[in-house]
Amino acid sequence: MIVLKADWEIEKMRQAGALTAQARDYVAALVRPGVSTRELDEAARRFIEERGGTPSFLGYEGFPASICASVNGVVVHGIPGEQVLRDGDIISLDLGVIVDGYHGDTAITVPVGKVSPQVQSLLDTTRAALLAGLAKARPGNHLSDISNAVERIATAAGFSIVVDFVGHGIGREMHEDPQIPNYGPPGRGVQLRRGMVLAIEPMINMGGPDVRIRDDGWTVETIDGLPSAHFEHTVAVGDPPDVLTAP
Ligand code: MG
């Protein structure tokens, strides 16, 4: 069941989204060769808590950290730890924040030092796919118009879509209905309307689409080991779409 939000709830979600976006951009600016993913996680937690937010990933179904830190061939849900970033890596930073009972959720993939042109193209394409999806978050469109817009950008660039993980509705819960696949024909699924708030999150692989989960039960990685990128925004359906985690 899709929970529609009243205007006053969307204003609360705007506050949560703003802190989520600030934390994302703060941590992204700390990325450089020599920093560990644990340091990034600790910085994120401190930043969020000092500003009155709660890191929503911490303890979520037992997740042990405030951010997901997914390096290179890790798609999503990487656990921060002793891994030290090196020049030429990419890292996806995914984080959620609760403010006054409402959630924000966002992700960005950033280069560490200098990356290859092909890797930069993966990042640019995944960001463009997210923007194309966001642009479809308008009243009257169908849910799969978002999915289709994401897929078209990714496949036109020769990359593959991760199909095992999807975007989602968001509000008082981090994961609400509907699920939002990053692929599929347009014109399907529920019709979008004001009051829907969605987390759109393309996950795009440079190589094949197949992924597996490591023995830690969290880390999702590409089977071929090739890099994967992930960008995410929380958006309220509107005309124009209202991106709550904009910079
Ligand atoms: Mg999400």
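Residues numbered from 1 in each chain as written. Predicted model: local features only at pLDDT ≥ 70, side-chain atom pairs only at ≥ 80, totals over all residues. Heavy atoms only, no water.

A. Geometry of the overall build of the protein. The number of helices and strands found in the protein is four helices and 15 strands. Its C-alpha atoms give the protein a radius of gyration of 17 Å, near enough to 18 Å, the size a compact globule of 247 residues would have. Its C-alpha atoms put the protein at 45 × 45 × 30 Å along the principal axes. Intrachain contacts of the protein at a sequence separation of at least 6 include 71% that bridge at least 24 residues. Here the protein has roughly 10,400 Å² of accessible surface; of this, 50% comes from carbon and sulfur atoms. Computing the positive centroid from 21 side-chain charges and the negative centroid from 32, the protein places the two 5 Å apart. (Helix = DSSP H or I, 4+ residues; strand = E, 2+ residues; numbered from the N terminus. Rg over C-alpha atoms; globule rule 2.2 N^0.38 Å. Contact = heavy atoms within 4.5 Å. Areas by Shrake-Rupley, 256 points an atom, 1.4 Å probe, with all protein chains shown as cover. Lys, Arg positive; Asp, Glu negative; His and termini not counted. Charge placed at Lys NZ, Arg CZ, Asp CG, Glu CD.)

B. The coordination of the magnesium ion, seen in detail. Only D105 (OD), H168 (NE2), E201 (OE) and E232 (OE) from the protein coordinate the magnesium ion, and they sit 2.2 to 2.4 Å from it. Donor residues for the magnesium ion sit on one chain with the sequence pattern D-x62-H-x32-E-x30-E. Of the two residues, D105 is situated in strand β5 (residues 102-111) and H168 in strand β7 (residues 167-169); the sequence distance between them amounts to 63 residues. Side by side, D105 and H168 carry an identical accessibility label, which is buried. (Donors = N, O, S within 2.8 Å, 3.2 Å for Na, K, Ca; no water. Buried < 20%, exposed > 50% of the residue type's maximum accessible area, 1.4 Å probe, protein only.)

C. Local environment of the pattern of salt bridges. Tallying each qualifying case throughout the model produces 11 salt bridges. As a salt-bridge pair, R38 and E82 come within 2.3 Å of each other at their nearest N and O atoms. Here the residue R38 occupies a position in helix α2 (residues 37-50), and E82 occupies one in the loop between β3 (74-76) and β4 (90-99), the gap between them amounting to 44 residues. For R38, a relative accessible area of 36% corresponds to the partly exposed category. For E221, the salt bridge is made with R212, and the minimal N-O distance between the two is 3.0 Å. On the basis of relative accessible area, R212 is assigned to the partly exposed category, the value being 42%. When salt bridges with common partners are traced through the structure, they connect E11, R14 and D242 into a single cluster. (Salt bridge = Lys/Arg side-chain N within 4 Å of Asp/Glu carboxyl O.)

D. A look at the packing of helix α1 (residues 7-30) against α2. Two elements in contact, α1 and α2, have axes separated by 10 Å at closest approach and are oriented at 145°. Here the hand of the crossing between α1 and α2 comes out right-handed. Touching L19, Q22, A23, Y26, V27 and L30 of α1 are L40, A43, A44, F47 and I48, all from α2. When its residues are assigned to classes, the contact of α1 with α2 shows 10 nonpolar, one polar and no charged. (Axes fitted to C-alpha atoms, helices over the stretch in contact; angles between N-to-C directions. Left-handed = near helix turned anticlockwise from the far one by under 90°. Nonpolar A, V, L, I, M, F, W, Y, C, P; charged D, E, K, R; others polar.)

E. Region of the structure containing the side chain of T245. Within the fold, T245 resides in the segment after β15 (242-243). The class for T245 is buried, based on a relative accessible area of 0%. Here H233 takes part through its side chain, which lies 2.7 Å from a polar atom of the side chain of T245. Within the local environment of T245, its side chain forms a polar contact with the backbone nitrogen of T234, the two atoms lying 2.9 Å apart. Each residue touching T245, except ones within four places of it in the same chain, is listed here: G17, T20, A21, R24, D105, T106, H233 and T234. (Polar contact = N/O pair within 3.5 Å; in protein donor to acceptor, adjacent residues only side chain to side chain.)

F. Representation of the sheet that holds β15. Sheet architecture is open: five strands sit in the order β8-β7-β9-β14-β15, paired in antiparallel fashion. Strands with a single pairing partner mark the edges of an open sheet, and in this sheet they are β8 (176-180) and β15. Contacting β8 and β9 (197-200), helix α4 (residues 143-156) runs over the sheet at an angle of about 40° to β8. (Pairing = 2+ DSSP bridges.)

All we've got here are geometric facts, nothing functional implied.
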